[in-house]
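Below, each chain spelled out in residue letters.
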Amino acid sequence: MTEARPRPKMRTVGGTLEDFERDLISNLYYQRGTTLESASGPDAYHTLAVTVRDRLVDRYARTAAAHYAANPRFVYYLSAEYLLGRQLRQNLLYTGAEQWLRPVAEDLGAPLEELEAYDVEPGLGNGGLGRLAACLLDSMATLDIPAVGYGIRYEFGIFKQAFRDGAQVERPDDWTFYGNPWEFPAPDDRQVVGFYGTTARALDDPTGLRRQWTPGETVRGEPSHMLVPGFGTQTVNMIRLWRARASRESFDLSRFSAGQYKEAVEDIVRAENISKVLYPDDSTEQGRELRLKQQYFLVACSLRDIIRRYRLRNTGWDGFPAKVVIQLNDTHPVMAITELMRLLVDVYRVDWDLAWSITRRTFNYTCHTLLPEALETWPVALLERLLPRHMEIIYSINHFFLQEVAATYPGDVDKLRRLSIIEEGSERRVRMAHLAVVGSTAVNGVAELHTRLLTATTLRDFAELWPYKFHNVTNGVTPRRFIRLANPRLSALITDRLGDEGWLTDLERLERLGDAVDDPEFLTRWREVKRQNKVDLARHVERSTGVVIDPEALCDVMIKRFHEYKRQHLKLLHVITLFNRIRENPDLDVVPRTVLFGGKAAPGYHAMKLLIHLVNAVAEAVDTDPVVSRRLKVVLLPDYNVTKAQFIIPAADLSEQISLAGKEASGTGNMKLALNGAVTIGTLDGANIEIRDRVGAENFFLFGLNTADAADLRRHYRPRAFYEQDPELRAAVDAIASGVFAKGDRALFAPVVDAMLGRDEYLALADYRSYVDCQEAVAEAWRDQERWTRMSVLNSARSGFFSSDRTVRDYCDLIWRVEPVRVSPA
Ligand code: 26W
């Protein structure tokens, strides 16, 4: 009997710069098949990326082993969007190799900027919801929580925004043009997903609740995963992204040889279209069939992968909810509830009631909006055609649910109609939020006011029926990307003051910075950090727009998706008011100010695209006016994204959070800006309220109607009355109407004026005076730089609560009930 040969040992990656450079050169040779002399930019970047990635793989392998051994409860985060941001510097920081970037770039003979140009950010999301998902994954890994993120690997991410004559134009985001060195394809775990087709009674099931679904078409789901390293710990979790591919026999050779080239690949194109592109809407559902196919594709692939992982270490189904907790990131992945029911009942032959109990104990739902138009509903007819078996399951779920409601509220048919998962009417529709609440253990809003409004309005009947299901988990942001990576100067100053980098994983430690507000030397250094960040931003703005901004001026920042409820038009009315004031009185002592906008509008959102055009037109008029431009500059930076945010946020003095109270679920940009020492001007909306409560009312510029006042006013609102009784407001609106910002063409921006004087749905005119006067208070405060710097320090010092680590801890305590699993060092 021959001796068993010892298991081959894995080559461990060394920890020194020399080891790193050795691996770099060999990766260039053996991975890219090229030499230092002939290496291209992409060669250099990929090789660097792979060499950093290898250092994460080590930890990932040990994490997987630790998780396998512990067989813990896992959090599975299902999201249609992830805004991960650039990977290179993050992974260099998380592998402790950050300081090697410069020498290594030299080794590769590539200037750092050129190398980083290939570090494209995967724009697999629209805005807040997608970025929050990325921050939460970062914090789950940092807190050693066993977790996997599931998403879609869109071939084209969020469109690239450019301006032609001031108007937004969208360009496809071909983010994997040079490939993606940070992902690992895992074809062995591919899945097959069905659509359309018919259902039939399962012959051996008396209850009639088990059925046989025969799909009309199938596609393959190919996974690839990216590593999600924790900071200051060994854990490396993963995010698994699914790509749709045609099933093997889809290429129609006979058609091809008959010269019908297009038809020959029709099925292939049809299949791959499912993960072709991200839907660029971030708050208005379009009801497109392909979007529903995307959503089901995501959940069908992910649930099978979750079950595959569960069955590696567990048997039976009773224990499933103890090992698997699934968080639904809004309603986009809510079909997971019906898919788990189908798999349990039809495929694994679990009894309906047990299956339903398992399903409800497995899922939790986070709602991210209050806008009725953002709450998804799908036509019953479409679901019956696209996912016939799932529509049957929804009927059954609704049947048993309404039985429970009828028992609780006997005879209250109105309650039944309001709670039903099915919205009756000319076109019957499925209310996805209702399905999410009925099929989940916990439901949460993303800020205190949001959760309160959810339980008082949108989901009121459910909150009355199941009050114990509703929780608040206020959003958070990762300090690793949005302070340490984005603002190294401020990080160094904080670390110097606090003694070590412990604050990066315990952000409440920032509190101690508060003691430094009476230390003039510290205040000077704090101001200097902000000034240098503004110099960098000025260089970036000039390079990307040609506009020269003054780093000494008050940097007034509004960066977020364009949407009427966020009220970029209110900011613009303030800009035009300043413009008018300076033109009327050139000697007016106006505080020099740079107003910096950033944000995309959904391609179909014409009102917001027109507003973007107007912002660029006003910017043009301001920046080219010899008098005004000495004290006021307006810039709309093109193609705002995570990378741009990391540039802008460290340089911001004033953070614009001016949505109509009751409309912004939370906001997360507000948190990033406060943490980087920007002072907020804002309404009592979303997380602004919690920011103000923590930083102190004296360190926050509050204005505007609160939610209740806004609701009252709306009942009898006449925007024109505000226009008539406020001369400055009238002058600002008239300026737009005059065509002065459109080379005399009064028609171009007329729709903006009509919307303001017509419905003004988000009460911008009603809040105008309070806002403009509040901006005067801002200018006043800015004149006293000592006072401003203290406000800036205190905003940062008292914003530790808004770390996504705290958010994840809340999810763990209130909803997930998972324990961390420590991963031992190599
Ligand atoms: C159906 C189209 C659609 C797509 C995306 C509707 C709604 C969405 C998202 C829910 C919109 C979104 O990103 N919401 C934002 O989520 C953030 C994270 O919780 C919050 O901070 C923002 O306030 C909220 O607008």
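Residues numbered from 1 in each chain as written. Predicted model: local features only at pLDDT ≥ 70, side-chain atom pairs only at ≥ 80, totals over all residues. Heavy atoms only, no water.

### Some remarks on the sheet that holds strand β20 (residues 554-559)
Filter applied, for reference: At least two bridges found by DSSP between two strands is the condition for calling them paired. A run of H or I in DSSP counts as a helix once it spans at least four residues, and a run of E counts as a strand once it spans at least two, with each numbered from the N terminus. In what follows, a contact means two residues having at least one pair of non-hydrogen atoms within 4.5 Å. Axes here refer to lines fitted to C-alpha atoms; in helices the fit is confined to the stretch in contact. Angles between the N-to-C directions go from 0 to 180 degrees.
If you trace the six strands from one edge of the open sheet to the other, you get β22-β21-β20-β23-β24-β25, paired in parallel fashion. Both edges of this open sheet fall to β22 (632-637) and β25 (701-702), since each of them pairs with a single strand only. Where β20 lies against strand β21 (residues 593-598), six bridges are found, and the strand directions are parallel. Within β21, the position partnered with V557 by the bridge is L596. Here helix α23 (residues 568-584) sits on the sheet in contact with β20, β21, β22 and β23 (654-657), set at roughly 155° to β21. Strands in contact with helix α33 (residues 785-797) are β20, β23, β24 (679-682) and β25; relative to β24, the strand with the most contacts, it is inclined by about 90°.

### As for helix α12 (residues 335-347)
Helical geometry: 3.6 residues make up each α-helical turn, so side chains three or four residues apart lie on a common side. Our working definition: Each helix should span, by expectation, one fewer than its residue count multiplied by 1.5 Å. Only protein chains enter the calculation, and the probe is 1.4 Å; a residue is then buried if its accessible area is under 20% of its type maximum, exposed if over 50%, and partly exposed in between.
Here α12 spans 17 Å end to end across 13 residues, near enough to the 18 Å set by a 1.5 Å rise per residue. Taken across its 13 residues, α12 has twelve buried, putting it largely inside the fold. Looking one or two places after α12, you find R349, whose phi comes out positive at around 55°.

### Points about the packing of aromatic side chains
Using the following cut-off: Aromatic pairing here means that ring centres of Phe, Tyr or Trp (its six-membered ring) are within 6.5 Å. Orientation follows from the plane angle: under 30 degrees is stacked, over 60 is edge-to-face, and everything else is tilted. Throughout this description, the term charge over a ring refers to an Arg CZ or Lys NZ atom that lies within 6 Å of the ring centre and within 35 degrees of the ring normal.
Enumeration according to the criterion identifies 29 aromatic pairs in this entry. Ring centres of F701 and W788 lie 6.0 Å apart, and the angle between their planes is 20°; on these two criteria the pair is classed as stacked. With F701 in strand β25 and W788 in helix α33, this residue pair connects regions lying 87 residues apart in the sequence. Taken as a pair, F701 and W788 share a single burial class, namely buried. Each residue in the set F74, Y76, Y150 and W242 is aromatic and connected to the rest through ring pairs, giving one cluster. Geometry around W466 places K469 over its ring, the cationic atom sitting 3.9 Å from the centre. When the ring centre of F159 is taken as reference, the NZ or CZ atom of K600 above it lies at 5.5 Å.

### Details of the domain arrangement of the chain
Applicable threshold: An automatic or database domain assignment supplies the residue ranges for each domain. Each of two parts loses accessible area, computed with a 1.4 Å probe, when they are put together; buried area is these two losses added. When a carboxyl oxygen of Asp or Glu lies within 4 Å of a side-chain nitrogen of Lys or Arg, that pair is called a salt bridge. Whenever a nitrogen or oxygen atom comes within 3.5 Å of another N or O atom, the pair is scored as a polar contact, on the condition that within protein one atom can donate a hydrogen and the other can accept it, and that pairs from neighbouring residues in sequence are kept only if both atoms are in side chains.
When cut into domains, the chain gives domain 1 (11-70 + 87-120), domain 2 (71-84 + 127-474) and domain 3 (547-788). The straight-line distance from the C-alpha centre of domain 2 to that of domain 3 is 36 Å. Each side of the interface is counted separately: domain 2 has 30 residues, and domain 3 has 33 residues. Between domain 2 and domain 3, roughly 2500 Å² of surface is buried when both sides are summed, and carbon and sulfur atoms account for 59% of that area. It is Q161, F163 and L449 that lose the most area in domain 2 upon contact with domain 3, and together they represent 22% of the buried surface on that side. With its nearest N and O atoms 2.7 Å apart, the salt bridge here joins K609 to E170. Remark: the boundary between domain 2 and domain 3 carries eleven residue pairs in polar contact (both at pLDDT 80 or more).

### Let's talk about the site of the ligand
Note the following rule: It suffices for a single heavy atom of a residue to lie within 4 Å of a molecule or strand for the residue to be listed as near it. For accessible areas, the Shrake-Rupley method is used with a probe of radius 1.4 Å. Any residue's cover is judged against the shown protein chains and nothing else. Classes in brief: Ala, Val, Leu, Ile, Met, Phe, Trp, Tyr, Cys and Pro nonpolar; Asp, Glu, Lys and Arg charged; the others, Gly included, polar.
Neighbouring residues of the ligand: 21 residues in total, closest H368, N475, E664, S666 and G667. Interatomic distance of 3.1 Å between a backbone N/O atom of L129 and an oxygen atom of the ligand. Between the ligand and G667 there is a distance of 2.8 Å, counted from an oxygen atom to a backbone nitrogen or oxygen. Burial of the ligand by the surrounding chains reaches 96%, relative to a free accessible area of 570 Å². Class assignment of the residues belonging to the shell around the ligand gives a composition of five nonpolar, nine polar and seven charged.

### Section: unusual backbone geometry
Even without being a glycine, K743 presents a positive backbone phi close to 50°. Looking at the secondary structure, you find K743 in the loop between α30 (727-738) and α31 (750-757). At D760, a residue that is not glycine, the phi angle is positive and equals roughly 40°. You can see D760 is positioned in the loop between α31 and α32 (764-783). Residue classification places D760 among the buried positions, given a relative accessible area of 3%.

### Concerning helix α10 (residues 289-313)
Given a rise of 1.5 Å per residue, 25 residues ought to cover 36 Å, and the 37 Å separating the end C-alpha atoms of α10 matches this to within 8%. Burial within α10 is extensive, with 19 of its 25 residues counted as buried.

### A look at the layout of surface pockets
The cut-off we apply is this: A 1.4 Å probe that fits into a set of points on a 1 Å grid over the protein atoms alone but cannot get out defines a cavity; an open set with protein on both sides within 12 Å along at least five of seven lines defines a pocket, and lining residues are those with an atom within 4 Å of a point. Grid points are joined across faces, edges and corners, and a volume is the space filled by probe spheres set on the points.
The space that makes up the second largest pocket amounts to roughly 500 Å³. N616, A617, A619, E620 and A621 are the residues nearest the centre of the second largest pocket, which is lined by 25 residues in total. In terms of residue count, helix α24 (residues 606-623) provides more of the lining of the second largest pocket than any other element does, seven residues in total. Considered class by class, the residues forming the lining of the second largest pocket number 14 nonpolar, six polar and five charged. Residue-level mapping places the lining of the second largest pocket at the junction of two domains, with at least three residues from each of domain 2 (71-84 + 127-474) and domain 3 (547-788).

### As for empty space enclosed by the protein
The tally for this structure, following the rule as stated, stands at six cavities of 30 Å³ or more. In this structure, the largest cavity occupies an estimated 160 Å³ of space. As for the largest cavity, its lining consists of 16 residues, and the residues nearest its centre are L84, Q87, Q90, A134 and V228. Its residues assigned to classes, the lining of the largest cavity comprises nine nonpolar, three polar and four charged. Both domains that furnish three or more residues to the lining of the largest cavity are identified here as domain 1 (11-70 + 87-120) and domain 2 (71-84 + 127-474). Considering only enclosed or pocket space, the second largest cavity measures out at about 70 Å³ in volume. Along its surface, the second largest cavity is lined by 13 residues, and Y45, V120, N180, P181 and W182 are the ones closest to its centre. When its residues are assigned to classes, the lining of the second largest cavity shows eight nonpolar, four polar and one charged.

### A closer look at a nonpolar patch on the surface
For clarity, the threshold we go by: Like-charged residues within 9 Å of one another, or nonpolar side chains (Val, Leu, Ile, Met, Phe, Trp, Tyr) within 5 Å, are grouped into patches, provided each residue has over 30% relative accessible area and no salt bridge.
On the surface, a nonpolar cluster with roughly 410 Å² of combined accessible area is contributed by F251, L253, F256 and Y261. As for its position among the elements, Y261 is in helix α8 (residues 261-264).

### Side note on the sheet that holds strand β16 (residues 422-423)
Read across the sheet, three strands follow the order β15-β17-β16 without closing on themselves; strand pairing throughout is antiparallel. The open sheet has two edge strands, β15 (377-379) and β16, and neither has a second partner. The pairing of β15 with strand β17 (residues 429-431) spans three bridges and is antiparallel. Bridge pairing in β17 places T377 opposite R431.

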